[in-house]
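Tertiary structure, described
Below are the chains, spelled out letter by letter.
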Amino acid sequence: MDTFIQQIINGLVLGSMYALIALGYTMVYGVLNLINFAHGDVLMIGAMVGLSILKLLEAVAPGLPGYVDLFIAIAGAVPACMIVNVVIERVAYRRLRNAPRLAPLITAIGVSILLQTFAMMIWGRSPLPFPQLLSSEPIQIGGAVISQTQVLLLVLAALAMLGLVYLVEKTKMGRAMRAVAENPRVAGLMGVDSNRVIVATFAIGAALAAVAGVMWGANYASIAFAMGTLPGLKAFCAAVLGGIGNIYGAMIGGILLGIIESLGAGYIGDLTGGFLGSHYQDIFAFVVLIIVLTIRPSGIMGERVADRA
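So, here is what we can say about the structure in this document. This structure is a prediction, so every number in the text was calculated from the model and none was measured.

As a further point, take the packing of helix α1 (residues 2-32) against helix α8 (residues 194-220). Where α1 meets α8, the axes come as close as 9 Å, and the angle between the chain directions of the two elements is 165°. In terms of orientation, α1 and α8 fall into the roughly antiparallel class. Of the two possible hands of crossing, α1 and α8 adopt the one that is left-handed. Residues Val13, Leu14, Met17, Tyr18, Leu20, Ile21, Leu23, Gly24, Met27, Val28, Val31 and Leu32 of α1 lie in contact with α8, whose contacting residues are Ile198, Thr201, Phe202, Ile204, Gly205, Leu208, Val211, Ala212, Met215, Trp216, Asn219 and Tyr220.

By size, the foremost hydrophobic cluster in this structure holds 93 residues, and its most contacted members are Leu20, Leu23, Tyr93, Met215, Ile223 and Leu257. No other element matches α8, which puts 16 residues into this core. Apart from residues no more than four positions distant in its own chain, Ile223 is found in contact with Ala47, Met48, Leu51, Pro127, Leu128, Phe130 and Gly217.

The tally for this structure, following the rule as stated, stands at one cavity of 30 Å³ or more. Taken as a whole, the largest cavity holds about 40 Å³ of empty space. Leu70, Pro131, Gln132, Leu133, Leu134, Thr149 and Ala218 together form the lining of the largest cavity. For the lining of the largest cavity, a count of residues per class yields five nonpolar, two polar and no charged.

It is worth spelling out the layout of surface pockets at this point. Space inside the largest pocket adds up to approximately 660 Å³. In this structure, the largest pocket is lined by 24 residues; those nearest its centre are Val31, Leu32, Asn33, Leu34 and Arg97. The leading source of residues in the lining of the largest pocket is α1, at four residues. Looking at the lining of the largest pocket residue by residue, the classes come out as 16 nonpolar, four polar and four charged. The volume enclosed by the second largest pocket comes to roughly 370 Å³. For the lining of the second largest pocket, the per-class residue count stands at ten nonpolar, six polar and three charged.

Cut-offs used in this document
- Residues numbered from 1 in each chain as written.
- Predicted model: local features only at pLDDT ≥ 70, side-chain atom pairs only at ≥ 80, totals over all residues.
- Heavy atoms only, no water.
- Axes fitted to C-alpha atoms, helices over the stretch in contact; angles between N-to-C directions.
- Helix = DSSP H or I, 4+ residues; strand = E, 2+ residues; numbered from the N terminus.
- Parallel < 35°, antiparallel > 145°, perpendicular 65-115°, else oblique.
- Left-handed = near helix turned anticlockwise from the far one by under 90°.
- Contact = heavy atoms within 4.5 Å.
- Core = buried A, V, L, I, M, F, W, Y, C linked by side-chain atoms within 4.5 Å.
- Buried < 20%, exposed > 50% of the residue type's maximum accessible area, 1.4 Å probe, protein only.
- 1 Å grid on protein atoms, 1.4 Å probe; cavity = no way out; pocket = protein on both sides within 12 Å on 5 of 7 lines; lining within 4 Å.
- Points joined across faces, edges and corners; volume = space filled by probe spheres on them.
- Nonpolar A, V, L, I, M, F, W, Y, C, P; charged D, E, K, R; others polar.

Geometric descriptors of this kind do not, in isolation, establish any biological role.
What follows is the structure, given as structure tokens:
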């Protein structure tokens with residue numbers, strides 16, 4: 001039972017990060033019907049920028065509490081990722097809105113490679129250690145443990161997701177997003193600036209990815225220029241699992257995928273008689289994707305057009 005509780009906690013932590021990344025995929029798809037496969041690398045940019053800010057703080061203002069350092073790193077990574085994503089939309093995607101769907105897909109893969117290459121040139125090809133900012137003393141929950149970093153990650157993820165739900169459901173920009181997602185032409189006739197809404201969608205998705213990127217580095221203590229590829233693919237699987245284009249589906253899919261992956265990592269060795277070890281946990285996301293696409297292609301929540309964005 002202790003192992004089960006521990007794996008559930010690990011799954012919630014991992015799933016929260018998947019959910020934050022998956023929201024970027026599902027928002028862009030909801031508005032543009034585009035899968036932005038460069039989104040995982042925006043996570044990487046957030047982690048790299050956050051690390052650079054932490055190093056600057058260590059030189060300029062040493063001795064600040066770890067929470068303060070972490071919040072400053074996130075505050076600096078968010079606008080950096082927003083700028084990167086807005087530039088990507090303006091330069092790479094805007095002219096391809098009416099192109100065949102294969103063209104934006106290939107472009108997204110190319111943008112991903114470019115971002116990784118630029119990151120490698122700026123920060124190097126070797127993995128970089130991410131400083132441990134919070135106390136390493138674990139918090140006991142029954143027979144399981146959770147770190148202070150993981151608690152902060154869960155709180156930030158919950159606040160970010162609640163903030164996004166409020167923005168989409170209660171604000172003028174959220175109504176504009178839903179209108180463009182449902183019918184961009186009619187929304188334009190009603191005075192909604194589609195370009196502004198699309199830019200805002202890319203910016204919001206990038207902000208969520210920046211939070212996930214910094215917290216990913218803080219949780220795993222290591223980042224690299226290619227770190228965004230696998231989390232990005234898994235987050236895409238989570239978005240499909242929940243229902244691509246549905247923000248609630250992305251949240252549920254991300255958390256559910258994290259729990260499935262953690263439980264699999266904890267028990268796969270026993271279930272297979274030692275044939276497979278915990279290092280095979282990456283297969284679960286893609287097995288789940290195949291199953292969902294086979295049985296229920298619309299995902300758990302289904303793709304509700306009016307709720308896109």
